[in-house]
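One-letter residues, chain by chain:
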Amino acid sequence: MSARRNLEGRVAVVTGAARGVGELLARKLSARGARVALVGLEPDELKRVSGRLPTDSDHWHADVTDPEAMARVAEEVVARFGAVDIVCANAGVATGGPFLETDEAAWRRVVEVNLLGSVTTARAFLPALLASRGHLLQIASLAAIAPAPMMTAYCASKAGVEAFAHCLRAEVGHRGVTVGVGYLSWTDTDMVRGADRDEVMRELRARMPWPAGRTYPLGPAVDRLVAGIERRSAHVYGQWWLRGMQPVRGYLPALIGAVGRREMRWAEPRLAATRGQRGHLVGEGGAADERARGARTQRDR
């Protein structure tokens, strides 16, 4: 395990910083002396978070899937702070339910934000990270290790960002840039609470074996992520047991496939009774994304 590096005066960019993991990451990085650039879709919330940070900070309203907007943000962050040392690609959305019943636009949006938004973030800020020999933390998920039914878009997107981060690490390591992947299980955020509003999804999760089915507190998980940033770790686990999933991940698809058949037989009548009640992105962050897309559609008409 490498030694922790002092974050005093370093410049950290956090996407999806208006709430949840992103907000607390910004707060904890600032508490360690980092100057913080907040990026997201909720300008009022970003302003609120920025105003409460103890170090120098600023905020940018931008969609991480918009290459032009993110390129502009990267230029403005460097102009504002002089450098970028850390980038936390955290912005993410989710939807759940049977694949054939999931709204196609919502399904695609999950992949756009979680995967393509992370790629766009990396592309925009990588020149600055190369200049500072900095660190990129990509937030992935247990969903990248153990893909599960009813979560096709989310699992596909998180598996994608995990693979992207591994590729990028090998590509830029010789130039001094380090790339880490942060893994989180069900963590107490607006996204998870929003998913739990779906009765069937909540019951399916409750049937998962310990410790995979429980909801974990946000603070300790983010503390682990920050420690990973300080050490520039290649892998960071928000919950202690996730590290143990890595050696057995090759066996998980067959196991989940077998268990999934049983669970879907149990869930099918309940899903039929609630058909038509799914399709939106979950949680307050998902609602903010849908509002922003709606506003852009109106402007484009």
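All of these numbers come straight from a predicted model, not from anything done at the bench.

Caption draft 1: Region of interest: helix α4 (residues 104-132). Along its 29 residues, α4 runs 40 Å from first to last C-alpha, staying within 8% of the 42 Å computed at 1.5 Å per residue. Along α4, the largest kink reaches about 50° and is centred on F125; proline P127 follows within four residues of it.

Caption draft 2: Just the packing of helix α8 (residues 199-206) against helix α10 (residues 252-273), in detail. Between α8 and α10, whose axes approach to 10 Å, the crossing angle comes to 160°. Taken together, the axis directions place α8 and α10 in an arrangement best described as roughly antiparallel. Where α8 crosses over α10, the two elements pack in a sense that is right-handed. Counting all contacts with α8, which are made through V200, E203 and L204, the residues of α10 involved are E263, W266, A267, R270 and L271. Broken down by class, the residue content of the contact of α8 with α10 amounts to 5 nonpolar, no polar and 3 charged.

Caption draft 3: Region of the structure containing the environment of V113. Along the chain, V113 falls in helix α4. Residues V113 and A91 lie 22 residues apart in sequence; the distance between their C-alpha atoms is 7.1 Å.

Caption draft 4: Focus on the sheet that holds strand β4 (residues 86-89). As summarised here, the arrangement of the 7 strands in space is β3-β2-β1-β4-β5-β6-β7, forming an open sheet in which the pairing is parallel. The open sheet has two free edges, formed respectively by β3 (57-61) and β7 (235-237), since each of these has just one partner strand. The average undirected angle you get between the axes of adjacent strands in this sheet is 15°. The strands that helix α9 (residues 218-231) touches are β4, β5 (135-139), β6 (178-183) and β7; relative to β5, the one it contacts most, it runs at about 150°.

Caption draft 5: The arrangement of empty space enclosed by the protein in detail. If you walk through the whole model with that rule in mind, you get 1 cavity of 30 Å³ or more. The leading source of residues in the lining of the largest cavity is α4, at 4 residues. Per-class residue counts for the lining of the largest cavity are 4 nonpolar, 5 polar and no charged.

Caption draft 6: Spotlight on the environment of V73. Note that V73 resides in helix α3 (residues 67-81). When the C-alpha positions of V73 and H61 are compared, they lie 8.7 Å apart, and in sequence the two are 12 residues distant. Not counting chain neighbours up to four residues away, the residues in contact with V73 comprise V39, W60, A62 and F125.

About the thresholds
- Residues numbered from 1 in each chain as written.
- Predicted model: local features only at pLDDT ≥ 70, side-chain atom pairs only at ≥ 80, totals over all residues.
- Heavy atoms only, no water.
- Helix = DSSP H or I, 4+ residues; strand = E, 2+ residues; numbered from the N terminus.
- Expected span 1.5 Å × (residues − 1).
- Bend = angle between axes of the 7 residues up to and from the residue.
- Axes fitted to C-alpha atoms, helices over the stretch in contact; angles between N-to-C directions.
- Parallel < 35°, antiparallel > 145°, perpendicular 65-115°, else oblique.
- Left-handed = near helix turned anticlockwise from the far one by under 90°.
- Contact = heavy atoms within 4.5 Å.
- Nonpolar A, V, L, I, M, F, W, Y, C, P; charged D, E, K, R; others polar.
- Pairing = 2+ DSSP bridges.
- 1 Å grid on protein atoms, 1.4 Å probe; cavity = no way out; pocket = protein on both sides within 12 Å on 5 of 7 lines; lining within 4 Å.
- Points joined across faces, edges and corners; volume = space filled by probe spheres on them.

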